[in-house]
There are 2 protein chains.
Amino acid sequence: MSSERLIYLPLGGAGEIGMNAYVYGYGPVDAERFILVDLGVTFPDMDGSPGVDLILPDMTWLKERADRLDAIFITHAHEDHVGAVAHFYNALGAPVYARAFTANIARRKMAEHNHPEDAVQTVGAWPEQVQAGPFRVGFLPISHSIPESAGLVIDSPDGRVIHSGDFKLDETPGVGEPFDEALWRDVSKQGVRALICDSTNVFAPHPGRSEADVGPEIEKLVAGATGMVVATTFASNVARVKTLAEAGERAGRSIVLLGRAMRRMIEAAIETGVLADFPRVVSPEDAASIPRENLLLLVTGSQGERRAASAQLARGKYMGLEIKEGDLFLFSSKTIPGNERGVIRIINQFSEKGVDVVDDSSGLYHVSGHANRPDLERLQRIVKPQIVIPMHGEHRHLREHVKLSEANGFQAIVAVNGMMIDLSGNAPSVAEYIETGRTYLDGSMQIGALDGIVRDRIRMALNGHVVVTVILDEADEPLGDPWCDLKGLAETGKSKAPLVDVLEEDLGQFMMRAGEKTLRDDDALEEALRRIVRQTSQSEIGKKPEVTVVVSRMR
Amino acid sequence: MSSERLIYLPLGGAGEIGMNAYVYGYGPVDAERFILVDLGVTFPDMDGSPGVDLILPDMTWLKERADRLDAIFITHAHEDHVGAVAHFYNALGAPVYARAFTANIARRKMAEHNHPEDAVQTVGAWPEQVQAGPFRVGFLPISHSIPESAGLVIDSPDGRVIHSGDFKLDETPGVGEPFDEALWRDVSKQGVRALICDSTNVFAPHPGRSEADVGPEIEKLVAGATGMVVATTFASNVARVKTLAEAGERAGRSIVLLGRAMRRMIEAAIETGVLADFPRVVSPEDAASIPRENLLLLVTGSQGERRAASAQLARGKYMGLEIKEGDLFLFSSKTIPGNERGVIRIINQFSEKGVDVVDDSSGLYHVSGHANRPDLERLQRIVKPQIVIPMHGEHRHLREHVKLSEANGFQAIVAVNGMMIDLSGNAPSVAEYIETGRTYLDGSMQIGALDGIVRDRIRMALNGHVVVTVILDEADEPLGDPWCDLKGLAETGKSKAPLVDVLEEDLGQFMMRAGEKTLRDDDALEEALRRIVRQTSQSEIGKKPEVTVVVSRMR
């Protein structure tokens with residue numbers, strides 16, 4: 001038995017949907033050479049990460065081994081796969097490889113961080129391969145909801161691994177390569193040690209539908225509309241954007257792209273040659289002089305994001321354009337769990353304006369970009385791997401995908417973030433547990449999710465914040481009474497007196513009684529004052545606030 | 001034309017789903033006598049109302065006219081209809097009328113607030129009527145997802161109004177009265193001026209399914225389970241709780257009720273005679289000695305609420321009981337939009353424990369309690385009102401319901417909270433716009449949603465909080481340097497020095513340069529210090545925090 005091993009280690013994306021980051025390694029124990037597949041972000045929310053700008057995977061483990069990292073491969077240009085690539089460029093230092101469209105997007109990110117253009121290298125599709133340490137890696141085209149998505153063929157001395165990337169089995173994807181079963185079969189025929197596979201739609205029981213299915217429905221809808229039509233979808237879903245634009249063009253409408261991401265994606269797709277024959281676009285300024293029944297706006301904000309074009313139109317004008325009674329708004333998208341409130345808010349705002357909203361509840365105007373359960377089974381039959389390891393899923397998805405794989409006769413294992421899996425033996429086994437987590441981009445700083453900083457913000461949001469200031473003279477005697485500043489708390493409580501007065505009264509009483517020992521000891525004094533504030537607040541307003549005590553001594 | 005008028009005024013529940021509160025009035029303009037239908041709550045969320053305990057309708061308008069309020073009628077015992085009844089008991093002072101089960105729940109709420117038992121009066125079903133000022137009001141039984149839901153027949157000198165309450169048309173509801181078409185037809189035959197109608201499911205295209213449909217499916221599922229079965233639903237859905245318990249009993253399982261709401265609802269249903277033959281229940285203590293394959297737990301927390309029994313089981317033990325690999329967890333419920341994250345969190349926690357989770361994605365184990373689109377049309381055909389006014393819906397629901405009604409030949413109008421509708425003329429018209437809003441129960445205090453208190457908490461959550469303290473002597477000269485306390489902010493910024501040091505340095509520099517005029521003027525000084533903190537923070541960490549400046553003067 002060799003002392004070298006082939007390992008798989010998810011640092012993000014396994015046990016969650018978001019911030020994908022998967023390490024593969026080969027070599028002697030603790031001296032493996034690594035490659036990293038994808039480096040994405042997750043989006044924060046008010047519940048768990050208020051005020052945070054972006055959530056990145058905690059890359060500490062890999063940073064400490066950056067000298068052993070030979071390359072980073074990006075499967076496709078969705079934010080949860082490419083979004084963190086510029087944030088860790090300095091710390092990881094490895095070259096980034098991607099296909100042309102993905103590389104175009106990645107380079108824009110690098111440029112925003114003033115990293116060099118050549119940090120990202122363009123690789124052609126399979127059979128082209130990149131040598132990276134002990135690995136040879138090729139990009140195997142596969143259909144998804146963005147151009148040029150790719151699975152990775154990862155050849156190691158211990159055999160071939162296929163990393164599916166995000167995918168669906170679509171033979172008519174509109175833009176980009178159709179799923180090529182013969183190619184995947186051909187790549188797999190030499191034997192595949194492990195298939196690391198997208199799990200997103202493992203609970204969807206029916207075979208996935210093709211992008212081509214939505215075209216005729218959208219065309220019918222747009223053809224029947226009498227006012228302005230406004231449609232939203234993920235900007236990166238270039239095929240859908242094209243379908244929507246073509247439906248508009250056929251109905252004699254001029255096309256307007258609204259929102260930075262929408263324009264940037266179409267630009268990247270045209271620059272890299274993945275998108276041809278996109279209908280002519282007019283500027284928002286020119287659109288102002290076109291009758292509204294001859295306009296189709298394609299806008300960002302399918303998830304109800306407050307600053308996106310959709311939400312701005314829902315609130316009022318955007319770029320001089322206004323949505324009105326008799327217009328139609330189409331969500332050619334699904335709402336990601338957690339975003340329902342934002343989406344519903346803008347639907348109601350449109351309703352108040354008399355705008356008809358068509359969402360995906362009919363199932364006619366959107367198809368998923370991920371393989372459904374029968375599609376996952378079909379891919380397994382094509383690839384015939386020795387082992388299936390589900391990725392890109394919450395725990396429930398990974399577990400279900402393992403059960404499905406085992407039912408079909410494949411070895412499989414649930415591997416969540418931090419579980420290093422040894423793929424060298426006959427059966428997959430857990431080699432090690434690595435500490436993983438999340439890093440917050442907060443303003444311009446990266447902070448640890450467990451640093452307590454965001455926890456303090458959440459506590460202030462739940463409980464309010466009281467600041468107590470006391471001044472003591474050189475002899476540790478109070479100089480005047482303590483005073484309080486309140487933020488986020490009811491102004492008056494049960495006693496009908498201002499809460500601040502009641503608190504200051506109670507704190508003043510305490511200071512008068514307090515012994516020398518307490519007055520000399522900052523910690524004891526702070527603790528005592530904090531306790532009084534919390535007790536008094538509880539009895540006055542029924543809440544225990546966060547308390548900051550500032551003790552200043554005249555020395 | 002009479003100088004008296006019949007009015008309808010929603011103060012909550014119209015333009016939102018939640019905190020229902022509908023006023024009806026009759027009499028001369030500005031001297032109408034009122035009744036209030038329902039007085040419910042809405043639940044807060046971290047996005048918009050962090051730390052808030054409950055959201056109540058703003059009842060200011062009605063409080064100021066409490067002397068003209070003759071009665072409060074509660075249609076059914078859901079929290080969004082009865083939840084605020086005790087909170088406004090003192091301010092409104094009117095007698096509360098409800099059917100027995102609803103009254104039982106309302107009295108428990110009154111008792112928690114130390115209000116008298118007889119604040120709530122029990123009324124029998126139609127044809128019993130209550131005289132309240134110029135109105136005679138009767139409770140017309142209708143099926144819903146809670147026992148003894150009722151529509152209200154409101155007779156006024158200007159004719160009969162029917163307020164549907166929440167309802168579905170279920171001829172086999174399991175517990176409670178089946179929908180009685182003949183009765184509704186009979187009540188309507190004298191002519192109905194207006195039908196004020198539930199709009200929740202106006203977008204659901206198919207006729208609603210009966211409660212009786214889920215029984216056989218649940219029974220099959222429970223019969224096939226090999227480990228412990230844990231099922232959740234809304235505790236108030238007594239019919240469903242009974243169905244679940246009976247499925248357990250038939251499979252030879254002992255039934256355990258977990259969660260305060262679950263026990264309280266069953267207790268109320270038994271006390272008031274709406275529930276008979278409920279299977280025998282064992283205590284959690286006794287359950288410990290029963291083999292797990294012979295147990296069925298009925299638990300609270302269908303919406304993933306953190307403190308409910310479901311979430312506690314997902315995290316570990318609850319009341320000595322533990323869920324384990326091989327057990328089954330059933331959501332016999334739907335997830336209310338906005339609660340997805342919490343529900344998904346506990347599903348994943350169960351997955352980590354090896355528990356199989358069955359949710360409603362199959363549509364087999366839950367039916368809605370609200371009338372679908374064809375059911376709304378059916379009720380309109382039965383009641384044949386002169387006017388339809390949709391209620392219990394967001395704007396999009398109300399608007400769609402109006403369109404549906406008009407398509408079927410009825411007059412209809414979108415009336416959102418605060419729109420006083422005059423029902424006396426031939427067509428409904430807006431008589432007045434009343435200021436409405438939300439009141440927060442925050443700890444033990446009621447605060448206005450627009451008071452700025454919660455807004456400050458949200459800002460601290462997004463931006464962090466810096467407190468600056470400066471002390472000035474009798475001559476308005478700084479006594480030492482200003483100092484800062486930070487909460488919820490990164491500790492070090494771009495310069496690698498602690499943020500607090502950089503801030504104090506910049507503030508100290510300013511104080512040295514500051515002129516006498518600034519130092520004498522609290523407002524100017526505070527504003528200047530605040531600006532420095534925000535600018536320095538922005539350049540150090542890329543965030544502008546909330547700032548509190550405490551200026552203390554030794555006088």
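Residues numbered from 1 in each chain as written. Chains lettered and ligands numbered in written order. Predicted model: local features only at pLDDT ≥ 70, side-chain atom pairs only at ≥ 80, totals over all residues. Heavy atoms only, no water.

A. Broad picture of helix H12 (residues 373-383) of chain B. Residue and element names in this part refer to chain B. Listed as buried for H12 are Asp375, Leu376, Leu379, Gln380, Ile382 and Val383. Buried positions in H12, seen along its axis, are confined to an arc of 160° and lie on one side of it. At its buried positions, H12 is contacted by strand S12 (159-163), helix H5 (181-188), strand S13 (192-198), strand S19 (385-391) and helix H13 (395-407). One or two positions beyond H12, positive phi appears at Lys384, with a value near 45°. (Buried < 20%, exposed > 50% of the residue type's maximum accessible area, 1.4 Å probe, protein only. Helix = DSSP H or I, 4+ residues; strand = E, 2+ residues; numbered from the N terminus. Arc of directions from axis to C-beta. Contact = heavy atoms within 4.5 Å.)

B. Region of the structure containing the relation of the copies chain A and chain B. Overlaying chain A with chain B gives an RMSD of 0.1 Å, the required rotation being 180° about an axis along which the chain moves by 0.1 Å. Here the symmetry operator amounts to a two-fold rotation axis. Among all residues of chain A, the one whose C-alpha sits closest to the rotation axis is Ala461(A), at a distance of 2.6 Å. Comparing interface residues between copies, 100% of those in chain A also sit at the interface in chain B, which points to an isologous, same-surface contact. (Least-squares fit on C-alpha atoms with pLDDT ≥ 70 in both.)

C. Here's a closer look at the sheet that holds strand S1 (residues 4-12) of chain B. Residue and element names in this part refer to chain B. Overall, mixed pairing links the 8 strands, which are arranged S8-S7-S6-S4-S3-S1-S22-S23 in an open sheet. The open sheet has two edge strands, strand S8 (120-122) and strand S23 (429-433), and neither has a second partner. Strand after strand, the sheet turns through a mean of 25° between neighbouring axes, direction not considered. Pairing geometry for strand S3 (residues 21-28) and strand S4 (residues 33-37), over 5 bridges, is antiparallel. By the bridge assignment for S4, Tyr24 is matched with Ile35. Contacting strand S7 (96-98) and S8, helix H4 (residues 100-112) crosses the sheet at an angle of about 165° to S8. (Pairing = 2+ DSSP bridges. Axes fitted to C-alpha atoms, helices over the stretch in contact; angles between N-to-C directions.)

D. Quick peek at the sheet that holds strand S28 (residues 546-553) of chain A. All names here are of chain A. Taking strand neighbours across the sheet as the criterion, the 3 strands line up as S27-S26-S28 in an open arrangement whose pairing is mixed. Whereas interior strands pair on both sides, the edge strands pair on one side only; in this sheet they are strand S27 (483-487) and S28. Along the sheet, successive strands turn relative to each other by an average axial angle of 15°, direction set aside. With 5 bridges joining them, strand S26 (residues 465-472) and S27 adopt antiparallel strand pairing. What sits directly across from Val466, in S27, is Leu486. Against the sheet, helix H15 (residues 499-513) makes contact with S26 and S27, and its axis sits at roughly 145° relative to S27, the strand it touches most.

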